[in-house]
Amino acid sequence: QVQLVESGGGLVQAGGSLRLSCAASGSFVSINSMGWYRQAPGKERELVATITSEGITNYVDSVKGRFTISRVNTKNTMYLQMNSLKPEDTAVYYCNAVIKVLRWSISSNYWGQGTQVTVSS
(Lines give C-alpha, C1' and ligand atoms only; values in the text may rest on other atoms or scores of the structure.)
Protein backbone atom coordinates (compact mmCIF):
# COMPACT_ATOMS: atom_id res chain seq x y z
CA GLN A 1 0.00 0.00 0.00
CA VAL A 2 1.04 3.58 -0.60
CA GLN A 3 1.86 5.94 2.24
CA LEU A 4 2.62 9.63 2.31
CA VAL A 5 4.40 10.83 5.41
CA GLU A 6 4.86 14.52 6.18
CA SER A 7 7.40 16.04 8.52
CA GLY A 8 8.82 19.43 9.40
CA GLY A 9 5.89 21.24 10.95
CA GLY A 10 6.14 23.16 14.18
CA LEU A 11 5.86 26.50 15.94
CA VAL A 12 7.65 29.51 14.53
CA GLN A 13 7.48 33.28 15.02
CA ALA A 14 6.15 35.54 12.31
CA GLY A 15 8.83 36.19 9.73
CA GLY A 16 10.46 32.85 10.35
CA SER A 17 10.89 29.82 8.11
CA LEU A 18 9.97 26.16 8.06
CA ARG A 19 10.59 23.36 5.59
CA LEU A 20 8.02 20.62 5.15
CA SER A 21 8.83 17.24 3.64
CA CYS A 22 6.57 14.57 2.19
CA ALA A 23 7.91 11.12 1.43
CA ALA A 24 6.00 8.52 -0.54
CA SER A 25 6.59 4.87 0.23
CA GLY A 26 5.14 1.54 -0.79
CA SER A 27 4.66 -0.18 -4.09
CA PHE A 28 3.74 1.97 -7.09
CA VAL A 29 4.68 2.58 -10.70
CA SER A 30 4.86 6.36 -10.83
CA ILE A 31 3.98 9.60 -9.08
CA ASN A 32 2.34 12.23 -11.25
CA SER A 33 1.52 15.60 -9.72
CA MET A 34 2.15 16.35 -6.07
CA GLY A 35 0.92 19.19 -3.93
CA TRP A 36 0.52 20.80 -0.57
CA TYR A 37 -2.84 21.76 0.89
CA ARG A 38 -3.69 23.36 4.20
CA GLN A 39 -6.68 23.62 6.49
CA ALA A 40 -7.03 26.26 9.16
CA PRO A 41 -9.51 25.88 12.04
CA GLY A 42 -13.05 26.53 10.86
CA LYS A 43 -12.01 26.80 7.23
CA GLU A 44 -12.07 24.53 4.22
CA ARG A 45 -8.96 22.81 2.96
CA GLU A 46 -7.22 24.96 0.36
CA LEU A 47 -4.56 24.38 -2.24
CA VAL A 48 -1.19 25.90 -1.41
CA ALA A 49 1.08 24.72 -4.22
CA THR A 50 1.44 21.96 -6.78
CA ILE A 51 4.29 20.54 -8.81
CA THR A 52 4.17 18.20 -11.80
CA SER A 53 6.57 15.34 -12.42
CA GLU A 54 8.36 17.67 -14.88
CA GLY A 55 8.76 20.34 -12.20
CA ILE A 56 6.10 22.80 -13.30
CA THR A 57 4.84 24.65 -10.25
CA ASN A 58 1.72 26.53 -9.29
CA TYR A 59 0.98 28.57 -6.16
CA VAL A 60 -1.99 30.18 -4.49
CA ASP A 61 -1.60 33.96 -4.64
CA SER A 62 -1.23 34.36 -0.87
CA VAL A 63 2.04 32.40 -0.77
CA LYS A 64 3.68 33.51 -4.02
CA GLY A 65 7.16 34.86 -3.40
CA ARG A 66 7.30 33.31 0.08
CA PHE A 67 6.85 29.56 -0.44
CA THR A 68 8.76 27.27 -2.78
CA ILE A 69 7.63 23.78 -3.72
CA SER A 70 10.13 21.24 -5.02
CA ARG A 71 10.53 17.50 -5.45
CA VAL A 72 13.23 14.90 -5.89
CA ASN A 73 11.75 12.22 -8.12
CA THR A 74 14.49 9.69 -7.41
CA LYS A 75 13.63 9.90 -3.71
CA ASN A 76 9.84 10.11 -4.15
CA THR A 77 9.97 13.16 -1.93
CA MET A 78 8.45 16.62 -2.09
CA TYR A 79 9.31 19.72 -0.09
CA LEU A 80 7.72 23.03 0.80
CA GLN A 81 10.12 25.77 1.85
CA MET A 82 8.12 28.41 3.71
CA ASN A 83 9.74 31.79 4.33
CA SER A 84 8.42 35.05 5.76
CA LEU A 85 5.71 33.13 7.56
CA LYS A 86 2.62 34.98 8.74
CA PRO A 87 0.10 34.11 11.46
CA GLU A 88 -2.48 33.51 8.73
CA ASP A 89 -0.32 30.63 7.45
CA THR A 90 -1.22 28.71 10.60
CA ALA A 91 -2.92 25.47 9.56
CA VAL A 92 -2.55 21.75 9.23
CA TYR A 93 -0.59 21.13 6.04
CA TYR A 94 -1.38 18.03 3.99
CA CYS A 95 0.67 16.34 1.32
CA ASN A 96 -1.16 15.09 -1.76
CA ALA A 97 0.07 12.93 -4.61
CA VAL A 98 -1.50 11.42 -7.71
CA ILE A 99 -0.02 7.94 -7.94
CA LYS A 100 -0.27 5.06 -10.38
CA VAL A 101 -0.06 1.87 -8.39
CA LEU A 102 -0.19 -0.65 -11.22
CA ARG A 103 0.91 -0.24 -14.82
CA TRP A 104 -2.59 -0.92 -16.13
CA SER A 105 -4.48 1.01 -13.45
CA ILE A 106 -5.62 4.62 -13.36
CA SER A 107 -3.89 7.06 -11.08
CA SER A 108 -5.42 7.79 -7.69
CA ASN A 109 -5.21 10.54 -5.09
CA TYR A 110 -3.32 9.87 -1.87
CA TRP A 111 -3.08 12.05 1.23
CA GLY A 112 -0.70 12.30 4.12
CA GLN A 113 -1.82 12.53 7.73
CA GLY A 114 -1.04 16.24 8.01
CA THR A 115 1.49 18.27 9.95
CA GLN A 116 0.69 21.30 12.11
CA VAL A 117 2.26 24.65 11.31
CA THR A 118 1.71 27.40 13.87
CA VAL A 119 2.97 30.94 13.32
CA SER A 120 2.91 33.22 16.34
CA SER A 121 2.65 36.99 16.03
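Further up the page is the structure itself.
Residues numbered from 1 in each chain as written. Predicted model: local features only at pLDDT ≥ 70, side-chain atom pairs only at ≥ 80, totals over all residues. Heavy atoms only, no water.

A. Structural context of the pattern of salt bridges. In total, this model carries 4 salt bridges according to the counting rule given. We note a salt bridge from Asp 89 to Arg 38, for which the minimum N-O separation is 3.0 Å. On the criterion of sequence distance, the pair formed by Asp 89 in the loop between β8 (77–82) and β9 (91–100) and Arg 38 in strand β4 (residues 30–39) is long-range, its members being 51 residues apart. Since its relative accessible area comes to 6%, Arg 38 is described here as buried. Measuring nitrogen to oxygen at the nearest pair gives 2.8 Å for the salt bridge that ties Asp 89 to Arg 66. Separated by 23 residues along the polypeptide, Asp 89 in the loop between β8 and β9 and Arg 66 in the loop between β6 (57–59) and β7 (67–72) bring together distant segments of the chain. Per residue, the accessibility class of Asp 89 equals that of Arg 66, and both read buried. Overlapping salt bridges, with partners in common, bring together Arg 38, Glu 46, Arg 66 and Asp 89 in one network. (Salt bridge = Lys/Arg side-chain N within 4 Å of Asp/Glu carboxyl O. Helix = DSSP H or I, 4+ residues; strand = E, 2+ residues; numbered from the N terminus. Buried < 20%, exposed > 50% of the residue type's maximum accessible area, 1.4 Å probe, protein only.)

B. Spatial organisation of the packing of aromatic side chains. Going through the model one piece at a time under the given rule, you end up with 1 aromatic pair. Stacked on the ring of Tyr 94, the Lys or Arg Arg 45 has its end atom at 3.7 Å from the ring centre. The residue whose ring lies beneath Arg 45 is Trp 111, and the NZ or CZ to ring-centre distance is 4.7 Å. (Phe/Tyr/Trp six-rings, centres within 6.5 Å; stacked < 30°, edge-to-face > 60°. Lys NZ or Arg CZ within 6 Å of the ring centre and 35° of its normal.)

C. Focus on the side chain of Asn 96. Mapped onto the secondary structure, Asn 96 falls in strand β9. One polar contact links the side chain of Asn 96 to the main-chain carbonyl oxygen of Tyr 110, over a distance of 3.3 Å. Setting aside residues up to four positions removed in sequence, Asn 96 forms contacts with Leu 4, Ser 33, Met 34, Gly 35, Tyr 37, Met 78, Asn 109, Tyr 110 and Trp 111. (Polar contact = N/O pair within 3.5 Å; in protein donor to acceptor, adjacent residues only side chain to side chain. Contact = heavy atoms within 4.5 Å.)

D. Examining the nonpolar core more closely. In this structure, Trp 36, Leu 80, Met 82 and Tyr 93 are the most contacted members of the largest nonpolar core, which totals 30 residues. Elements supplying a minimum of two residues to this core: β3 (18–25), β4, β5 (46–51), β7, β8, β9 and β11 (115–120). It is β9 that provides the largest number of residues to this core, a total of 5 residues. Those residues in contact with Tyr 93 that lie beyond four places of it in its chain are Glu 6, Leu 20, Trp 36, Tyr 37, Arg 38, Val 48, Phe 67, Leu 80, Met 82, Gly 114, Thr 115 and Val 117. (Core = buried A, V, L, I, M, F, W, Y, C linked by side-chain atoms within 4.5 Å.)

E. Representation of the state of the cysteines within the structure. Taken as a whole and assessed by the stated rule, the structure comprises 1 disulfide. Note on cysteine connectivity: Cys 22 is disulfide-linked to Cys 95, with sulfurs 1.8 Å apart. In this structure, the disulfide formed by Cys 22 and Cys 95 twists by about -60° around the S-S bond and is classed as left-handed. Taken as a pair, Cys 22 in strand β3 and Cys 95 in strand β9 lie far apart in primary sequence, 73 residues in all. Residue Cys 22 is classed as buried on the basis of its relative accessible area of 0%. By relative accessible area, Cys 95 is classed as buried at 0%. (Disulfide = S-S within 2.5 Å.)

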